[in-house]
Protein chains: 4
Amino acid sequence: MSIEIESQIENPDRVEWRREQVVNAAVERFAQNGYHATTIKEIAETAGVSPGLIYTYVKDKEDVLLLVFLAAFRRYQTEIPQKIAGISDPLQKFRAAFRAYCECVGSNLDSTLIAYQESKSLKPGRRKIVQDLEIKTNALISEPLQDCIKAGYIACANVDLATFHLILHAHGWALKNWFFRERISLNGYIEEGLSRFLNSSLTPSGWERWRAEAKG
Amino acid sequence: MSIEIESQIENPDRVEWRREQVVNAAVERFAQNGYHATTIKEIAETAGVSPGLIYTYVKDKEDVLLLVFLAAFRRYQTEIPQKIAGISDPLQKFRAAFRAYCECVGSNLDSTLIAYQESKSLKPGRRKIVQDLEIKTNALISEPLQDCIKAGYIACANVDLATFHLILHAHGWALKNWFFRERISLNGYIEEGLSRFLNSSLTPSGWERWRAEAKG
Amino acid sequence: MSIEIESQIENPDRVEWRREQVVNAAVERFAQNGYHATTIKEIAETAGVSPGLIYTYVKDKEDVLLLVFLAAFRRYQTEIPQKIAGISDPLQKFRAAFRAYCECVGSNLDSTLIAYQESKSLKPGRRKIVQDLEIKTNALISEPLQDCIKAGYIACANVDLATFHLILHAHGWALKNWFFRERISLNGYIEEGLSRFLNSSLTPSGWERWRAEAKG
Amino acid sequence: MSIEIESQIENPDRVEWRREQVVNAAVERFAQNGYHATTIKEIAETAGVSPGLIYTYVKDKEDVLLLVFLAAFRRYQTEIPQKIAGISDPLQKFRAAFRAYCECVGSNLDSTLIAYQESKSLKPGRRKIVQDLEIKTNALISEPLQDCIKAGYIACANVDLATFHLILHAHGWALKNWFFRERISLNGYIEEGLSRFLNSSLTPSGWERWRAEAKG
DNA sequence: CATGAATGAGAATTCATTCAT
DNA sequence: AATGAATGAATTCTCATTCAT
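Now for a look at the structure at hand. Quantities reported herein were computed from a predicted structural model and do not represent experimental measurements.

What counts and what doesn't
- Residues numbered from 1 in each chain as written.
- Chains lettered and ligands numbered in written order.
- Predicted model: local features only at pLDDT ≥ 70, side-chain atom pairs only at ≥ 80, totals over all residues.
- Heavy atoms only, no water.
- Helix = DSSP H or I, 4+ residues; strand = E, 2+ residues; numbered from the N terminus.
- Buried < 20%, exposed > 50% of the residue type's maximum accessible area, 1.4 Å probe, protein only.
- Areas by Shrake-Rupley, 256 points an atom, 1.4 Å probe, with all protein chains shown as cover.
- Lys, Arg positive; Asp, Glu negative; His and termini not counted.
- Charge placed at Lys NZ, Arg CZ, Asp CG, Glu CD.
- Axes fitted to C-alpha atoms, helices over the stretch in contact; angles between N-to-C directions.
- Parallel < 35°, antiparallel > 145°, perpendicular 65-115°, else oblique.
- Contact = heavy atoms within 4.5 Å.
- Phe/Tyr/Trp six-rings, centres within 6.5 Å; stacked < 30°, edge-to-face > 60°.
- Near = heavy atom within 4 Å.
- Nonpolar A, V, L, I, M, F, W, Y, C, P; charged D, E, K, R; others polar.
- Buried area = accessible area lost by both parts, 1.4 Å probe.
- Salt bridge = Lys/Arg side-chain N within 4 Å of Asp/Glu carboxyl O.
- Polar contact = N/O pair within 3.5 Å; in protein donor to acceptor, adjacent residues only side chain to side chain.
- Disulfide = S-S within 2.5 Å.
- Least-squares fit on C-alpha atoms with pLDDT ≥ 70 in both.
- Expected span 1.5 Å × (residues − 1).

### Side note on the overall build of chain A
Thought 1: When helices and strands are tallied, chain A shows eleven helices and zero strands.
Thought 2: Starting at the N terminus, the α and β elements of chain A follow one another as α-α-α-α-α-α-α-α-α-α-α.
Thought 3: Per-residue burial over chain A gives 51% buried out of 216 residues.
Thought 4: Accessible surface for chain A amounts to roughly 10,100 Å². Of this, 52% is attributable to carbon and sulfur atoms.
Thought 5: For chain A, the separation between the mean place of its 27 positive charges and that of its 27 negative charges on side chains is 3 Å.

Printed below as a string of structure tokens:
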């Protein structure tokens, strides 16, 4: 489950701390110039460490990119469950999950962009790791959605397909942020996506549930 | 309007032909390994020419990437107008335009992906060219949409926003093709996007128009 | 005054030491094959370092050439003042300065040749630096000459013109060294040039001074 | 005696004509940017021919440089004898020869500079040819000088040495032309060099001859 | 004869990675 | 543990030279 990236350093706390330093610097630089155009030296400078240090916490440059991906996924896995914890109504939970997902995108614009732009920069082994994590992250949306279907609130030919639509919408906020930013708030963007989706997917019983909610 | 890329070769037919050769090879390699990981030598080999030849038709490697973008845009500008020519009903025209756009994405999966992944690989001057063309290409959707609004078929707070949603959906086919490919046909994907959009945007008169069409 | 050439290395002693290594190797190779025909790899090999190292002490190949020029000028500026220090008689001082200049040429045959052959290899910015230094170096001759004129020992229509003649003579030792080397000693060459110059430039009072000197 | 440079073209007049075209273009470009920084394409453009054409009249780029040297020497060999023909007095002849030499330099500033800057750009075989021609050209000065010595007008320990001094002075006009140009005329420069030389080399009988000449 | 497109060897330069301190 | 100087493989780009037309 937890992916192991080799480090010459023993102390795990130190490893965590240093890697965070490096990842933050890397996200900043990758987002600006892309993975290939960013040098280890630049990352080191941005992080306030030496190039040599990076190589004691990481095997090679690609590992840094992988760490960037992992850090992003960890945030999804931490924040979304947190935000939907305690919600029992399936429809409410689904909506909360989608909102949480979008908010995660919103606070990780750089990482999300990097994910789209640099996935090809990983060689097969590491690419596989990232793909598996992506699927696992999708479950944060698909499971609540499934529950709505089971509860008869949503009708949906193919859950996975729908999930991808929702996630694409969420990612759209990062992909075209330069455009959306000045025209709509993240909340507006979220609600628009949500209502567009529910509009064409809610069952009559779902509509009722929704209306009831809106009133409450 | 037409962007000039310098070439040492005079004969414009020859330039066109050779550049096409090179662009095809480049798309193939860029899609596989990304722009930076692809060497000029590889492109040359794939195109069946010498590395030196490329530099007689192009100033530098970035020009090759730019040509890839330009070729893609040209296809949109050619094919979409062709497919909507002669349609007078606004709603029909809009749907045809969206279908054409998606089909263009469908037959240019590689270029579309490259566009998302390598936009940062262009330096400001060339990046600007691409951005301008992107806006121009968006008009192929936004104008028919605008006409539907004028005709009272579609209600839409913000045309640009809606256009971006539609285009994001279209690009989604390329971005997540590895996933969609095995689950839904391009046509299914198009109709789903279309109906999702119309579902939440048609005016009553628009619904009527649509139903009438469906019958006819 | 002191020209700054960028280096990635901080420690100035190390920079000085490494650059000296590189310059020595470069002088050797440039003198043999010229600037353009010499590759960085060759210089690196001659210096016993890697090609990459050179680029941590220098921005590009032209910087190496500039360093070669600078090193030569530094030698003139150091050695000539040293050799004329403490001489008060203007005529004696002038002769000492000219001798010192020629000796500098004599111990920097390669650099002097390179200066004549490769001045065009520098692009305007750096060329200007070298020209300014050349003028500054000429002053090492023109000033003592001026003093002789003021003292009434030498009559000279145009000091600059005369300076150039003297310097051309000095450089001649390097330019045609393959010829002179086997026919005349540097000292002979110096005295010949000197007496030729004085012969046609001394005032009567200058002649007297010279004769007095010769006796004493 | 006449150096053979291979050409694929048979007709010798055509060869002469084309080579002249090429040499003129080459001198222009070499003088501006140096031999290495000048491309065959540039020379071809300047000459108004195609790059391919050059290679039918010449084996390689170095041959072009050699042709530049040869053309210069030919001018010396043609013009100097012409200008001293018919002068019988040795002293007058010597002075005429030196003047002619300097004038040759004056009307071939570019070639003279190229000769100093690019001699190293020739590989041994061709370098030898040029050196031999240089020695042969020196004879145009050294022989009249020798005659003056024989006639008892000039006293000179070493003819070759003196010749080199004179030639160095002549070349100085080209080497430092940017400086001399605005301060002295070529004639002034010639006479200055001449008088400086004669001042310290004339025998009493030479002085008398000179004075007699000056009067007449 | 002349052209100019095509070739490919070769050069400068960069940068991930190592390792002595 | 951390540093940063050094390495050298790899890449882009140039240009002398060839050759089909």
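Now that the structure has been shown, the text picks up again.
### Considerations on the packing of helix α5 (residues 90-106) of chain D against helix α11 (residues 204-215) of chain D
Residues and elements named next belong to chain D.
Thought 1: At a closest axis distance of 10 Å, the pairing of α5 and α11 adopts a crossing angle of 75 degrees. As far as their axial angle goes, α11 and α5 are roughly perpendicular. Of the residues in α11, those in contact with Leu91, Gln92 and Arg95 of α5 are Gly206, Arg209, Trp210 and Glu213.

### A closer look at the packing of aromatic side chains
Residue and element names in this part refer to chain A.
Thought 1: Inspection of every chain in the model, using the stated rule, returns 48 aromatic pairs over all chains.
Thought 2: With a centroid separation of 5.1 Å and 50 degrees between ring planes, the pair formed by Trp173 and Tyr189 is classed as tilted. Taken as a pair, Trp173 in helix α8 (residues 159-175) and Tyr189 in helix α10 (residues 186-199) lie far apart in primary sequence, 16 residues in all.
Thought 3: Its relative accessible area of 8% is what places Trp173 among the buried residues.

### Thoughts on the protein's contact with DNA strand E
Thought 1: Lining the immediate surroundings of DNA strand E are 29 residues, of which Arg18 and Tyr57 of chain B, Tyr55 of chain C together with Arg14 and Arg18 of chain D lie closest.
Thought 2: In DNA strand E, atoms within 4 Å of the protein come from the sugar-phosphate backbone in 79% of cases.
Thought 3: If you list the elements that add at least two residues to the surface near DNA strand E, you get α1 (12-33) and α3 (51-57) of chain B together with α1 (12-33) and α3 (51-54) of chain D.
Thought 4: Looking at which element gives the most residues to the surface near DNA strand E, the answer is α3 of chain B, with three residues.
Thought 5: Classifying every residue of the surface near DNA strand E gives ten nonpolar, ten polar and nine charged.

### Quick notes on the interface of chain C and chain D
Thought 1: Tallying the contact residues gives 35 residues for chain C and 34 residues for chain D.
Thought 2: Per-residue buried area on chain C facing chain D is highest for Lys120, Phe164 and Arg196 of chain C; these three make up 21% of the total on that side.
Thought 3: When the shortest N-O distance is used, the salt bridge between Arg183 of chain C and Asp160 of chain D registers 3.7 Å.
Thought 4: The tally of links between chain C and chain D comes to nine residue pairs in polar contact (both at pLDDT 80 or more).
Thought 5: Those elements that place two or more of their residues in the side of chain C that touches chain D are α1 (12-33), α6 (109-118), α8 (159-175), α9 (177-180) and α10 (186-199) of chain C.
Thought 6: By residue number, the principal contributor to the side of chain C that touches chain D is α8 of chain C, which donates nine residues.
Thought 7: Here the residues of the side of chain C that touches chain D are counted per class, giving 15 nonpolar, 13 polar and seven charged.

### A closer look at the interface of chain A and chain B
A common way to express how large an interface is: the accessible area buried when the components associate.
Thought 1: Residue-level contacts link 34 residues of chain A with 35 residues of chain B.
Thought 2: Between chain A and chain B lies a buried interface of about 3,300 Å² when both sides are counted; carbon and sulfur atoms form 64% of it.
Thought 3: Between chain A and chain B we count four salt bridges in total.
Thought 4: A salt bridge links Glu134 of chain B to Lys176 of chain A; the nearest nitrogen and oxygen atoms lie 3.0 Å apart.
Thought 5: For the interface between chain A and chain B, the tally reads nine residue pairs in polar contact (both at pLDDT 80 or more).

### Section: the side chain of Asn108 of chain A
Thought 1: With respect to the helices and strands, the residue Asn108 of chain A is situated in the loop between α5 (90-106) and α6 (109-118).
Thought 2: Polar contacts involving the side chain of Asn108 of chain A include one to the main-chain carbonyl oxygen of Cys104 of chain A, which spans 2.8 Å.

### Considerations on the state of the cysteines
Residues and elements named next belong to chain C.
Thought 1: Applying the stated criterion across every chain, the model contains zero disulfides over all chains.
Thought 2: Of all cysteine sulfurs, the one in Cys104 lies closest to Cys102, which takes part in no disulfide; the gap is 9.8 Å.
Thought 3: In this structure Cys102 comes out as buried when scored by relative accessible area, which is 1%.

### Some points on the protein's contact with DNA strand F
Thought 1: The environment of DNA strand F is made up of 29 residues, and the closest members are Ile9 and Arg18 of chain A, Tyr55 of chain B together with Arg18 and Tyr57 of chain C.
Thought 2: Within 4 Å of the protein, the contacting atoms of DNA strand F are 77% sugar and phosphate, with bases supplying the remainder.
Thought 3: Separating a phosphate oxygen of DNA strand F from a side-chain N or O atom of Tyr57 of chain C is a distance of 2.4 Å.
Thought 4: Listed by contribution, the elements that provide at least two residues to the surface near DNA strand F are α1 (12-33) and α3 (51-57) of chain A together with α1 and α3 (51-57) of chain C.

### Topic: the relation of the copies chain A and chain B
Thought 1: Each copy superposes on the other: chain A lies on chain B with an RMSD of 0.1 Å after a rotation of 179 degrees and an axial shift of 0.0 Å. Taken together, the rotation angle and the small translation identify this as a two-fold axis. Relative to the rotation axis, the C-alpha of Gln117 of chain A is the closest in chain A, positioned 2.1 Å from it.
Thought 2: Both copies contact each other with a shared surface, as 97% of the interface residues of chain A are interface residues in chain B too.

### A short note on the side chain of Asp89 of chain B
All names here are of chain B.
Thought 1: Relative to the assigned elements, Asp89 resides in the loop between α4 (61-84) and α5 (90-106).
Thought 2: Taking relative accessible area as the criterion, Asp89 reaches 11% and is therefore assigned buried.
Thought 3: A polar atom in the side chain of Asp89 sits 2.9 Å from the backbone nitrogen of Gln92.
Thought 4: If we ignore the near neighbours within four places in the chain, the residues touching Asp89 are Tyr153, Arg209 and Glu213.

### Notes on the arrangement of the chains
Thought 1: Note that chain B does not reach chain C: the shortest distance linking a C-alpha of one to a C-alpha of the other is 20 Å.
Thought 2: Over all C-alpha pairs, chain A and chain D never come within contact, reaching a minimum spacing of 31 Å.

### Looking at helix α8 (residues 159-175) of chain D
Residue and element names in this part refer to chain D.
Thought 1: Counted at 1.5 Å a residue, the expected span for α8 with its 17 residues is 24 Å, and the 24 Å between its end C-alpha atoms agrees.
Thought 2: A large share of α8 lies buried, amounting to 16 of its 17 residues.
Thought 3: Residue Asn158 occupies the N-cap position of α8, its side-chain oxygen lying 2.9 Å from the main-chain nitrogen of Asp160.

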